[in-house]
Structures are given as structure tokens and as C-alpha cells.
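# Inside the fold
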Amino acid sequence: MHNSAETRRWRELDSRHHLHPFTVFPELDAKGSRIITRAEGCHIWDSEGNRIIDGMAGLWCVNVGYGRERLARVAYEQMKELPYYNAFFQTATVPSVELAAKLADILPEGFSRLFYASSGSEANDTIVKSVWYYWNLMGKPEKKHFISRTLGYHGVGLGSASLTGMRFMHEPFDLPLPRFHHIGNPYWFAEGGDLDPDAFGKVAAGWLEAKILELGPENVAAFVAEPIQGAGGVIIPPSTYWPEVQRICKEYDVLLVADEVICGFGRTGNWWGSSTFDIAPDIMPLAKGLSSGYQPIAAVAFHDRIADVLASSGIEYAHGVTYHGHPVAAAVALENIRIIEEEGLHTRAAGPIGAYFRDRLTNLAEHPLVGEVRVSGLIASLELVQDKARRQTWPAERKVGLTCREHCFASGLVMRSIRDGMVLSPPLIISEAEIDEIALKAARALDLTLRDLEA
Ligand SMILES: Cc1ncc(COP(=O)(O)O)c(C=O)c1O
């Protein structure tokens, strides 16, 4: 434990020198950061010695949990052996090759090649450029428009932020770029009106067809979507949605990009969210769970029908970053995948622990504030509402989600708020006792939030 003089110093330095992502700076300055100093399993500790259960696995990424000696050892050994070498000049490193082969092994049939990046954002920017390049190579240079969804999250680069469907991320930066379009999402709870979820799923898929027809199928390059929209609020589509989207993409020769950055590596009970929803994508960005957050590494997996076109072109693929396939990051990712396989973490969310998680959270639906509980594998959201029967949310100025998040944090639980949805995505190693801890702390935070609202 660090004494509060040290904590104060770190907070001051942080405030003076460190610009945080996705932050209103004066708000953070007024409050000061909570300094996180160590972690083990599903728990993190702050500099004041508080033990907090991490219901978000960091930022949806620490799938194998914290404190894995094996990953530290592999990084150390690789740094001693070869800390860095690039792949630009007809060279490669052993970990980057072994990892590519391992991923080809666990990816769906037909995905035998991939390209590395260092973040999900970079992976999605790589996809934007590669898709444009692909259609150029295919002799269809007019096929350049991207369609994605409101509340979809695909990152912060110029292309990936343009794919992202969040206005607050566009307006300050003069985005999206031209040729990026957003359609509505399959968020039945908010948008479904009087339709039942299955009927609404078909309506929401129909928005894709309508947009393709409006733009002209000959102009549409790809549809990009997460199997479950994570940062948009854990929007789990009705079962009718994906089959219809798949049909539409096929019919109009539009590439389907399934963003697996959150859903990949076991989050929904399969290696891939695409498998859980029976999607057959053309391209998949991978990040987060690829290394469980122990190293910054991402990848774009191309189906052979795309990769073969790119790989047979005689033109230079003039794209890539210094840390492409970084050997330390790749070695750690490979070991991380070995751990996932050995411990069966890729299917754990589909087994008894996933069922337990669902049961414990479903009990919270009885709370007066909870209008809906959505769960798939080990990812979930609790929608906080003013009126359950009418699915009516609170006025934004009441900041219900933020209030609840603060109560969670104060009681030793990290639960993220997205609008008034309280979101969970814990490490895949979570135990029943730890799920109980989350459920108990969440129930208490809900009570305190209700008390504040009534005050
Ligand atoms: C689905 C999805 N795609 C892409 C990204 C961007 O990844 P990164 O933050 O590593 O750039 C994220 C990040 O949360 C994500 O959730």
C-alpha cells in the first residue's frame, strides 16, 4: 500500500502532464485519477490499498486474468533473445510466424492469412485501406462506400473512427470521412417499439438493404459490425438479425467485416462471436483478448477469398507499422492462446459459469431500476430505467449510469456505465464466488443509486 502523500503526488503529476483518452480534462483535474498499482486474478488494487473486483477485465481485454507468471516469463525470454525485428524487408521473426500459424488454426475455416497491427483501431484502419485496395484489384474501383451502425465502436483512427457510429466522436474532429455511412442498430430495448424482438431484428437488417440500394450496390464496399455491439452498450441482436444481414451482403456482393475485437477469444463462449451468431465474415479484426491485454497487439484475419487476391497482386502492399508482428507481443499472444486452450477458456462462457453469471444477473432484473438484463456468455448489460413497463429511460441530466458507476467503484466494483446501461465483461477465469461478489456489490450500488434518485 502507498501512503496518501505518494498518491497525491502521482495525481498531481498525472493532472499536470498526462492527457487521458476519452476524458473531460477539467472534470478529471477537479477529482484526480485513481491510481491503479497492481492486480491478481480478477481483482485490481489502487494506491490506497483498496481491493476492487474488475467486472470489465480492464477494457474488455484481460481474458486470462491478471498476474500470469507464464506471460511475464515469455516476454522476458523473448526480450533477451530478440526484443525487436521488423517484417518489412523480406524478414520475419519466429513468434510472429508461429502466432500467425496458430491463429490460422483456431480461426474459422478459410482464414489462413493475417496482417498484424498494434491496436484494434489500427486493425480497422488496415481493413478500410485493404478493402479499397481489394476492390481496385478486382476492377471495381467505384465500390468504396462503407456502411456501419450507430453506436458501433471500431476505434479512433481516421478510418476506424469514421466507421464508429458515435456522434460525439465525430463532431470535434470533422469526421466521418466521405463515403462512410451509418444505419440504425438492432437495439430492441431502445428502438424496438411495439415489435417483438424477432420482428424487429428483421426490420433492423432491412436498414442495411435499404442503404445499399440507396447508395447503389455497385458503390458499396463493405458492411462493418460487431457480432455484439460492446462499447455501444452490449447490444445483443435478436436471432433474426444476423442471418438476414448475411443474406443481404451476399446478394449485393458487399464484404462483411465482423469486428471481433471484443467478442473474439471466448467472450461469448466460442473462439469467435461470429461462431456464436453463425456469421461467415470475409474479414475479422482481432485485438484485446489476443494477448489478454498483456501486450499491445492486434491482427486482421482475411478470408482466403480476399487474401488470395491481395497476395497475388504484383503491386507493393504499401502499408504496415514499425511494430507489425512485434516479437515480444507475438510471443506473449501465442502463450496467452496456449493458456486459453489448456484451461478451456474459449468455451468456458458457454458452460456452467456462463449460466451462473446469467442467473445471478437475471435476479437483478427484480430491482426497481433495472428494465432489462442482457447476457451472452460473459458479457452483459443492465439497463437502468425510470419506467420498466414502457422501457422509458431517465432524462440524461440525471446521469443515472454515472451515479451507479460511482457507487460501484466506491464499493469495490468496476462496472462501466454506457448511457444508463451498466456493463460487465469480466475475465473469463471468473469463479462463482467472484460472480457473487459482483452481483452483491452491483445490487448495493443499485440501491444507493435509487436512493439518490429519490432524494
Ligand atoms: C469492437 C471494437 N473494435 C475496435 C476497437 C478499437 O480497439 P483499440 O482501442 O485497441 O484501438 C475497440 C475498442 O474498444 C472495440 O471494442
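Structure: see above.
Parameters at a glance
Residues numbered from 1 in each chain as written. Predicted model: local features only at pLDDT ≥ 70, side-chain atom pairs only at ≥ 80, totals over all residues. Helix = DSSP H or I, 4+ residues; strand = E, 2+ residues; numbered from the N terminus. Expected span 1.5 Å × (residues − 1). Buried ≥ 20, exposed ≤ 12 C-beta atoms within 10 Å, placed from the backbone. Arc of directions from axis to C-beta. Contact = placed C-beta atoms within 7 Å. Core = buried A, V, L, I, M, F, W, Y, C linked by C-beta atoms within 7 Å. Domains from an automatic or database assignment. Pairing = 2+ DSSP bridges. Axes fitted to C-alpha atoms, helices over the stretch in contact; angles between N-to-C directions.

An ideal rise of 1.5 Å per residue puts 16 Å on 12 residues; helix H16 (residues 352-363) measures up with 17 Å between its terminal C-alpha atoms. Among the residues making up H16, those that are buried are Ile353, Gly354, Phe357 and Leu361. Considered in projection along H16, the buried side chains sweep an arc of 105° and stay on one side of the axis. Away from its buried face by more than 90 degrees, H16 exposes Pro352, Ala355 and Asp359. Taken together, the buried residues of H16 touch helix H15 (345-348), strand E11 (370-376), strand E12 (379-384) and helix H18 (432-454).

This part is about the nonpolar core. Phe223, Ala299, Val300 and Ala301 are the most contacted members of the largest nonpolar core, which has 125 residues in total. Considering each element in turn, this core owes the most residues, nine residues, to helix H14 (residues 327-343). Here this core spans two domains, since at least three of its residues come from each of domain 1 (34-67 + 351-454) and domain 2 (71-343). With residues up to four places along the chain from it excluded, the contact list for Ala301 reads Leu103, Leu107, Phe111, Leu114, Ile283, Met284 and Leu286.

If you trace the four strands from one edge of the open sheet to the other, you get E11-E12-E15-E14, paired in antiparallel fashion. In the strand order of this sheet, the two ends are held by E11 and strand E14 (416-418), each with one partner. Neighbour-to-neighbour, the strand axes of the sheet open up by a mean angle of 25°, direction not taken into account. Here E12 pairs with strand E15 (residues 421-424) via four bridges, running antiparallel. In the sheet register, Glu383 faces E15, and the bridge partner there is Gly421. Strands E11 and E12 of the sheet are contacted by H16, whose axis makes an angle of about 175° with E11. Along the sheet, helix H17 (residues 400-410) makes contact with E12, E14 and E15, crossing E14 at roughly 180°.

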